[in-house]
Amino acid sequence: MIESDRAPDAAHEEVPDAAQDAADDVRDDEAVSRFVERFAADLVEAGMQRMGARVFAALLVSDSGALTSAELAEQLQISPAAVSGAIRYLAQVDLVAREREPGSRRERYRLYNEVWYETMTRRDQVLTRWESTMRDGVKILGPGTPAGQRASETAEFFEFMQTELRSLLERWRAHQAAARADGAEAP
């Protein structure tokens, strides 16, 4: 959900808090836990580390988008060491950031803003590197060899994907801007 940039109406300042309290009252913690595990399983199937996927999913469904190690361990019923390893992995792949709680030695782990957009932007950089490597491979393997032809086709695929990904990300930004404009016009 994209939030409007405009400030809340003074007469309705308490409504978001009341709505949040109502949502907390009706939120089924067991259903949330099942959802976290289901989404984590989807991420694992796509290649993510299991514990990293569980921690990422837990952060994603938290209203704040940030939790401490203790909160993650309690919610997921895992050890602090498992949280630490998962956070190390997620930080390495640029999905979460560590931040200190003011006046405390505890760290909070936060999802990056626009986590999916940023992840896809980094994938574009990876595709650029892979394309360059494959083009070098074509020269080394020889463009007329079967291996060189495969490397060439792979480089072309990566180039195509980069172009499409950039276009897709631009369309996403336009979509977001339109949604924000529509939200600002709503009563």
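Caption draft 1: Molecular detail of the sheet that holds strand β3 (residues 107-111). Across the sheet, which stays open at both edges, the three strands sit in the order β1-β3-β2 with antiparallel pairing between neighbours. The sheet is open, and its two borders are formed by β1 (66-68) and β2 (96-100), each paired with just one other strand. Mean inter-strand twist for the sheet, computed between neighbouring axes without regard to direction, equals 30 degrees. Where β2 and β3 come together, five bridges link them in antiparallel fashion. Bridge pairing in β3 links A97 to R110.

Caption draft 2: Spatial organisation of the packing of aromatic side chains. Scanning all chains against the criterion turns up four aromatic pairs. Ring plane angle 80 degrees and centroid distance 5.5 Å describe the contact between F56 and W116, whose orientation is recorded as edge-to-face. Here the residue F56 occupies a position in helix α3 (residues 50-61), and W116 occupies one in helix α6 (residues 115-141), the gap between them amounting to 60 residues. Both rings, one in W130 and one in F158, keep their centres 5.4 Å apart while their planes meet at 50 degrees; by these two values the pair is tilted.

Calculation notes
- Residues numbered from 1 in each chain as written.
- Predicted model: local features only at pLDDT ≥ 70, side-chain atom pairs only at ≥ 80, totals over all residues.
- Heavy atoms only, no water.
- Pairing = 2+ DSSP bridges.
- Helix = DSSP H or I, 4+ residues; strand = E, 2+ residues; numbered from the N terminus.
- Axes fitted to C-alpha atoms, helices over the stretch in contact; angles between N-to-C directions.
- Phe/Tyr/Trp six-rings, centres within 6.5 Å; stacked < 30°, edge-to-face > 60°.

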